[in-house]
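# Structural characterization, general
Given next are the chains, with one letter for each unit.
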Amino acid sequence: MIKQELLDAMNDQINYELESSYIYLSMAAYFASMNLDGMAHWMRVQAHEEIIHAMKFFDHIIDRGEKVILKDVKQLKTNWSNPKQVWDNAYEHEQLITSRINNLMSIARKLQDFTSEPLLQWFVNEQIEEEVNTSKISQQMALIKEDSQGLFMLDAQLATRSFPAGSCFDPTAYNVAN
Ligand code: OFO
């Protein structure tokens, strides 16, 4: 069992992670509309990763004998003034998620829920990578400014991020005719 305060916070976190996936998919759509295909690709991989994050909490709640409660995913931003603003928002979003994960860890420690700590520690570590990735690209975008050659080079680099095998976010992994 999981004490109610932590259970509620974990159910909320499933929602935040699914919302993260939806946010990154919205960013992918924006980049695709600008023909920045590498950035759109990077965001699709990230959208997949966020579903995995949601499912880690989903399964943890079930494994502990509790019930998952899914909530509404709200209408999100669909447009930005320029590509850099998207990356700035992505970094800000990851900082917000880090604070939510830290809050979950504080609740788990307060309630002495030692069983949740390995899962939460995984997320604490993961958030370092999530912040580094988005912050680095946001800073690179600041260096690029109006240099279109730099933008296309970064776009090409971001196109190399790999999908997990068989990801439904990977357009090469499914056949739309099926
Ligand atoms: Fe789930 O780490 Fe990003 O949001």
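Everything that follows concerns the structure shown earlier in this document.
Residues numbered from 1 in each chain as written. Predicted model: local features only at pLDDT ≥ 70, side-chain atom pairs only at ≥ 80, totals over all residues. Heavy atoms only, no water.

Within the protein chain, the secondary structure is distributed over 5 helices and 0 strands. In the protein chain, the order of α-helices and β-strands from amino to carboxyl end is α-α-α-α-α. For the protein chain, whose C-alpha radius of gyration is 18 Å, the value lies close to the compact-globule estimate of 16 Å for 178 residues. Considering only C-alpha atoms, the protein chain reaches an extent of 55 × 40 × 30 Å along its principal axes. Residue burial in the protein chain is summarised as follows: out of 178 residues, 46% are buried. Put simply, of all contacts in the protein chain between residues at least 6 apart along the chain, 80% involve residues at least 24 apart. Side chains of the protein chain carry 15 positive and 25 negative charges; the gap between the two charge centres is 4 Å. (Helix = DSSP H or I, 4+ residues; strand = E, 2+ residues; numbered from the N terminus. Rg over C-alpha atoms; globule rule 2.2 N^0.38 Å. Buried < 20%, exposed > 50% of the residue type's maximum accessible area, 1.4 Å probe, protein only. Contact = heavy atoms within 4.5 Å. Lys, Arg positive; Asp, Glu negative; His and termini not counted. Charge placed at Lys NZ, Arg CZ, Asp CG, Glu CD.)

With respect to the helices and strands, T98 occurs in helix α3 (residues 83–110). The exposure class of T98 is buried, given its relative accessible area of 15%. Taking the C-alpha atoms as reference points, T98 and A32, 66 residues apart in sequence, are found 28 Å from one another. T98 has contacts with Q127 and E131, leaving out every residue within four places of it along the chain.

On inspection of all chains with the given rule, the structure shows 7 salt bridges. Put simply, D12 and K71 hold a salt bridge, and the shortest N to O gap is 2.4 Å. Remark: K71 occurs in the loop between α2 (37–63) and α3 and D12 occurs in helix α1 (residues 4–33); sequence separation between them is 59 residues. With relative accessibility at 40%, the residue K71 sits in the partly exposed group. Residue R64 pairs with D113 through a salt bridge whose shortest N-O separation is 3.1 Å. With R64 in the loop between α2 and α3 and D113 in the loop between α3 and α4 (117–144), this pair connects stretches of sequence that are 49 residues apart. Taking relative accessible area as the criterion, D113 reaches 7% and is therefore assigned buried. (Salt bridge = Lys/Arg side-chain N within 4 Å of Asp/Glu carboxyl O.)

A few words on the side chain of N89. Note that N89 resides in helix α3. If we skip the residues at most four places from it in the chain, N89 touches M27, K77 and W80.

Moving on to helix α5 (residues 148–158). Those residues of α5 lying buried are G150, L151, L154, D155 and L158. Viewed end-on, α5 has its buried residues packed into an arc of 140 degrees, placing them on one side of the element. Residues of α5 that are exposed and point over 90 degrees away from its buried face: Q149, F152 and M153. Buried residues in α5 make contact with α2, α3 and α4. (Arc of directions from axis to C-beta.)

By size, the foremost hydrophobic cluster in this structure holds 26 residues, and its most contacted members are M27, F31, M39, M43, W87 and M141. Excluding anything up to four places from it in sequence, M43 contacts Y24, M27, A28, F31, V86, W87 and A90. In this structure, M10, F57, I101 and M105 belong to the second largest nonpolar core, which totals 19 residues. (Core = buried A, V, L, I, M, F, W, Y, C linked by side-chain atoms within 4.5 Å.)

Looking now at the layout of surface pockets. Considered as a void within the structure, the largest pocket measures approximately 190 Å³ in volume. What lines the largest pocket is N82, P83, K84, M141, A142, I144, K145, E146, D147, S148 and L151. Contributing elements (two or more residues each) for the lining of the largest pocket: α3, α4 and α5. It is α4 that provides the largest number of residues to the lining of the largest pocket, a total of 3 residues. Looking at the lining of the largest pocket, its residues break down into 5 nonpolar, 2 polar and 4 charged. (1 Å grid on protein atoms, 1.4 Å probe; cavity = no way out; pocket = protein on both sides within 12 Å on 5 of 7 lines; lining within 4 Å. Points joined across faces, edges and corners; volume = space filled by probe spheres on them. Nonpolar A, V, L, I, M, F, W, Y, C, P; charged D, E, K, R; others polar.)

By themselves, these observations are geometric and do not establish any function.
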